[in-house]
Amino acid sequence: MKKNSILSVILIAATVVGCFGEPETLEELTKAGDKAFTDQRFSEARGYYQKGLRLKPSDRYLLYFTGLTFRREAQYDSALSYLKRADLLHPGDREINLEIRDLAKQAKNWRYTIDAIKTLIATGDREEDYYSELAELYARDSAAAMSFHYQRKVIEQRPDSPEEYMRFINVALAVESASVALDYLDSAVSRFGERNEFKANRAFVLVYQRDYDGAEKLFREVIANDSTMIGYKLGLANVLSMSDDRAKLRESLSLYRQIRAALGSDQYNVDSMISALEQQTR
């Protein structure tokens, strides 16, 4: 009897230790993780969540909150990895994609950002609220045709914004639609009047069309109107650098040197052009 009593005490003690020791079940690990997360002990919370994921790798809640622990510690790539895994296993989840949209932007993962926005639209947001953002994101993702599509919609939304016309013209060139770019330039001039930025953009279109003389003329006009714009000087320097005329090559070299002196060599990476022109003009 005495032996049996001792055994019973040991079993009870073991049960008590199990109840108050480290969490082991999925429910215990989740609760422990939540407690640590609430107390802002994110690394500890992550440890519990990840142990839970070993028991149930597809758990939406654990994947989501593991991602959030990484985000709270500014480990954005790791956070995005867990949240994207949650998205793939549980597609169409609005809460997950709200997080992914912000994280993917910070990680400069434009495709994930676009996909998250598409889910937000599918779950209730208005597509027109994202036209401008999608135009920019597709441009960053080197999807010029889609950027063109959405920037055209932006123009329809904001016909009184000259800045949006300028963006559209740049996108039009990216999809090799110089004629469309010129049509929209004409529309912009008709709506807003002739402006320096319109002339400069027309000059860039002419460069694209290899009309270097026409582009040079326009760049000189805009520089005469505003000599403070480095972009105009860079455009003229680039055009002049394509000439066979040594006087124009020397002028191009002088402009590149001015740009480097004003902005340093890193801004437009003009050092290589300066070196090449120094060789050509000796």
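Residues numbered from 1 in each chain as written. Predicted model: local features only at pLDDT ≥ 70, side-chain atom pairs only at ≥ 80, totals over all residues. Heavy atoms only, no water.

### Considerations on the layout of surface pockets
Next up, step 1: In this structure, the largest pocket encloses a volume near 170 Å³.
Next up, step 2: Around the largest pocket sit S132, A135, E136, A139, S142, A144, S147, Q151, R167, N170, V171 and A174, which together line it.
Next up, step 3: Of all the secondary-structure elements, those providing two or more residues to the lining of the largest pocket are α8 (131-140), α9 (144-157) and α10 (162-174).
Next up, step 4: For the lining of the largest pocket, the residue count by class is five nonpolar, five polar and two charged. (1 Å grid on protein atoms, 1.4 Å probe; cavity = no way out; pocket = protein on both sides within 12 Å on 5 of 7 lines; lining within 4 Å. Points joined across faces, edges and corners; volume = space filled by probe spheres on them. Helix = DSSP H or I, 4+ residues; strand = E, 2+ residues; numbered from the N terminus. Nonpolar A, V, L, I, M, F, W, Y, C, P; charged D, E, K, R; others polar.)

### Structural notes on the nonpolar core
Next up, step 1: Residues A215, F219, L236, Y256 and V270 are the most contacted members of the largest nonpolar core, which totals 23 residues.
Next up, step 2: Contributions of two or more residues to this core are made by α12 (196-208), α13 (212-225), α14 (230-240), α15 (246-263) and α16 (271-280).
Next up, step 3: In contact with F219, not counting residues within four places along its chain, are A200, A203, F204, V207, Y232, G235, L236 and V239.
Next up, step 4: F37, Y64, A79 and A116 belong to the second-largest nonpolar core, a separate cluster that totals 22 residues. (Core = buried A, V, L, I, M, F, W, Y, C linked by side-chain atoms within 4.5 Å. Buried < 20%, exposed > 50% of the residue type's maximum accessible area, 1.4 Å probe, protein only. Contact = heavy atoms within 4.5 Å.)

### Here's the deal with the pattern of salt bridges
Next up, step 1: Within the structure shown, the criterion is met by 29 salt bridges.
Next up, step 2: The residue E133 makes a salt bridge to K105 at a minimum N-O spacing of 2.7 Å. Here E133 is found in helix α8, whereas its partner K105 is found in helix α6 (residues 94-106), with 28 residues between them in sequence.
Next up, step 3: The class of E133 is buried, set by a relative accessible area of 15%.
Next up, step 4: Assessed through its relative accessible area of 34%, K105 is described here as partly exposed.
Next up, step 5: Notably, a salt bridge pairs E221 with K217, separated by 2.8 Å at the nearest N-O pair. (Salt bridge = Lys/Arg side-chain N within 4 Å of Asp/Glu carboxyl O.)

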